[in-house]
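# Report on the structure
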Amino acid sequence: NLFTGDFDFEKLGIGGLDAEFNQIFRRAFASRIWPAHIIQQMGIHHVRGMLLFGPPGCGKTLIARQIGKALNAREPKIVNGPEILNKFVGGSEEKIRELFADAEKEQLEMGDNSMLHIVIMDEMDAICKQRGSVKDGTGVSDSVVNQLLSKIDGVDSLNNILLIGMTNRKDMIDDALLRPGRLEVHVEIGLPDLKGRLQILNIHTKNMQKAKRITPEAVKKIPIIAEKAKNFSGAELEGLVKAASSFALARCLDVKDLNKAPDTKNLMLQYADFEQALDDVEPKFGAHSQELKAFYRNGFVPYGDSFDMMMSTLERLVEQVRSSDRTPLMSVLLQGPTQSGKTAIAAKLAVDSGFPFVRMISADEMIGYSDTSKCQMIHKAFMDSYKSPLSIIFLDDIERLIDYVPIGPRFSNAVLQTLLVLLKKVPPDEGRRLMVLGTTSSPHLLEDLGLVQAFGVAQSVPLLDEPKDVCEVLRVAAHMSKDDARGIAKAIKSKPIGIKQLLMVAEMAKQGTTSDDPDGKGKGSVDVNVFMECLHTVGY
């Protein structure tokens with residue numbers, strides 16, 4: 001029998017990959033369990049190659065290394081891609097031939113009774129790039145690919161070999177390697193779902209559960225931790241357990257006297273340690289909420305009926321993406337004058353959505369980048385979002401992203417075309433949903449470029465023009481008294497004002513009122529004349 005009788009993937013430290021293992025077993029191993037004459041009668045060949053691909057830390061290398069323990073086969077040969085390369089001419093190709101030498105010898109001696117030989121190649125994209133793409137003058141990369149092709153599926157191809165390749169960059173590997181007959185089984189090892197995260201957490205806490213180094217409450221609440229750890233990869237879940245353990249270990253040390261023996265008796269991992277660790281470990285494909293919360297760090301003011309109606313509309317669109325199978329892609333453009341709070345609204349919406357993947361793409365991250373680098377960065381953010389079941393991408397200040405200036409007019413056509421394509425691209429995998437939020441202060445300019453039309457919904461964010469709205473913002477966010485807020489609202493009712501500008505001027509006017517503010521909490525009275533003077537200072 002090809003498989004050992006007592007193997008259990010959880011015992012091997014592999015969790016959350018049941019569906020992937022079913023696919024690997026069906027495609028790569030099922031035919032090898034049958035007698036050779038049956039396979040000949042069927043007129044088929046065994047699968048000789050398999051490619052495991054996906055984001056880093058999801059268990060590709062772990063699967064390949066542990067799969068040999070579950071099989072009655074020769075000890076797998078494990079090689080990292082860069083180790084193949086050799087400084088001597090022909091050295092790299094010779095190393096490829098050596099990997100297959102034992103299998104060739106046994107095939108000649110034993111024929112169809114030969115045992116299975118497994119060759120595991122990690123970081124395969126390092127040596128199997130598209131032929132012609134590497135301009136190093138030596139042609140080594142092309143020769144390595146050619147040698148590998150001839151060994152897997154050449155004139156004297158072997159039937160007792162299984163090559164397992166692993167990569168984070170499937171797009172870089174030569175097409176000839178990926179066709180049926182070569183690396184024909186492509187298995188995406190993606191982020192674990194809730195059930196998978198629970199399995200992985202149980203694997204990594206198994207020893208401490210046996211040794212009773214974890215409280216019963218924490219064991220009971222592991223499903224809650226798995227629920228909170230959305231979009232964590234297997235490696236990040238291991239890091240989460242390590243981070244939680246570090247809190248428990250530090251608690252039982254006397255930091256003032258490190259010569260003192262640790263308190264081993266009271267060393268117990270608690271649920272609170274996991275909660276602290278969730279703040280410590282941030283997943284690569286997670287929601288960077290701290291970065292977004294900075295955009296409304298001074299509070300968020302629902303200042304009137306028009307604002308409530310706008311937020312209600314936006315929240316309904318978020319809910320549509322979350323619950324409707326017919327809306328895999330939703331794009332919303334927030335348009336309005338500068339200082340009207342568009343970025344804060346989009347950031348608040350993204351954080352409150354609870355979507356596991358949130359990415360912000362803004363011009364400040366791309367200072368000094370070439371157009372090609374900008375396109376690659378934007379493309380990567382969208383590709384990453386397709387790996388998560390629910391995602392939000394936030395394109396802040398779109399005219400800055402495309403380098404738009406009215407003089408000329410000048411803009412980056414490459415970045416513009418990238419955005420136009422990606423804004424209409426529906427997530428390729430079933431069950432994946434994406435919401436794109438964009439902000440702009442110049443919708444009339446973007447309209448000529450076709451960007452406004454690329455968004456499904458356009459929502460206007462107006463300036464404050466109602467005295468009662470101005471009064472509410474000053475009272476709630478600037479902590480002014482009702483009378484002061486009313487007086488200022490009456491004084492500026494002739495011209496609309498942006499909420500950001502209003503709050504900045506209120507803060508400027510309050511700087512001279514410390515005598516009326518003994519607590520220093522910014523709740524002192526503000527003179528209307530001082531406020532108006534500050535308003536004129538900022539060019540209102």
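Residues numbered from 1 in each chain as written. Predicted model: local features only at pLDDT ≥ 70, side-chain atom pairs only at ≥ 80, totals over all residues. Heavy atoms only, no water.

In the annotation of an unreviewed UniProt entry, the protein is listed under the name Vesicle-fusing ATPase and assigned to Fragilariopsis cylindrus CCMP1102. Under the UniProt heading Sequence similarities (unreviewed entry), the note attached to the protein is "Belongs to the AAA ATPase family." (UniProt positions renumbered as here; feature names shortened; annotations may be inferred.)

Okay, the sheet that holds strand β7 (residues 357–361) next. Reading across from one edge, β7-β8-β9-β6-β10 is the order of the five strands in this open sheet, with parallel pairing throughout. Two strands close off the open sheet at either side, each with one partner strand: β7 and β10 (457–460). Adjacent strand axes in the sheet meet at a mean angle of 15 degrees, parallel and antiparallel pairs treated alike. Sheet topology places strand β8 (residues 390–395) next to strand β9 (residues 433–440); six bridges connect them, and they run parallel. By the bridge assignment, leucine 390 is partnered in β9 with arginine 433. Here helix α14 (residues 305–323) sits on the sheet and contacts β6 (329–335), β8, β9 and β10; the angle it forms with β9, its principal contact strand, is near 150 degrees. (Pairing = 2+ DSSP bridges. Helix = DSSP H or I, 4+ residues; strand = E, 2+ residues; numbered from the N terminus. Axes fitted to C-alpha atoms, helices over the stretch in contact; angles between N-to-C directions. Contact = heavy atoms within 4.5 Å.)

UniProt feature "domain: AAA+ ATPase" (unreviewed entry): in the numbering of this structure it lies at residues 46–193 and 328–451. Between the C-alpha atoms that bound residues 328–451 there is a distance of 20 Å. The span itself is 40% helix and 21% strand.

Domain annotation for the protein reports domain 1 (9–188), domain 2 (194–280), domain 3 (289–460) and domain 4 (467–538). Put simply, the middle of domain 1 and the middle of domain 2, counted by C-alpha atoms, are 37 Å apart. Each partner contributes to the interface: domain 1 provides ten residues, whereas domain 2 provides nine residues. Linking domain 1 with domain 2 are three residue pairs in polar contact (both at pLDDT 80 or more). Among the residues forming the side of domain 1 that touches domain 2, the class breakdown is four nonpolar, four polar and two charged. (Domains from an automatic or database assignment. Polar contact = N/O pair within 3.5 Å; in protein donor to acceptor, adjacent residues only side chain to side chain. Nonpolar A, V, L, I, M, F, W, Y, C, P; charged D, E, K, R; others polar.)

Another aspect to go through is helix α24 (residues 528–537). The α-helix advances 3.6 residues per turn, and as a result positions three or four apart in sequence lie on the same side. Residues of α24 that are buried include every one of Phe531, Met532, Cys534 and Leu535, and no others. In an axial view of α24, the angular spread of the buried residues amounts to 160 degrees, which keeps them on one side of the axis. Turned more than 90 degrees from where α24 packs its buried face, Asn529, Glu533, His536 and Thr537 sit exposed. Where α24 is buried, its residues meet α21 (467–476), α22 (482–491) and α23 (499–510). The positive-phi residue at the C-terminal boundary of α24 is glycine 539, with phi of around 85 degrees. (Buried < 20%, exposed > 50% of the residue type's maximum accessible area, 1.4 Å probe, protein only. Arc of directions from axis to C-beta.)

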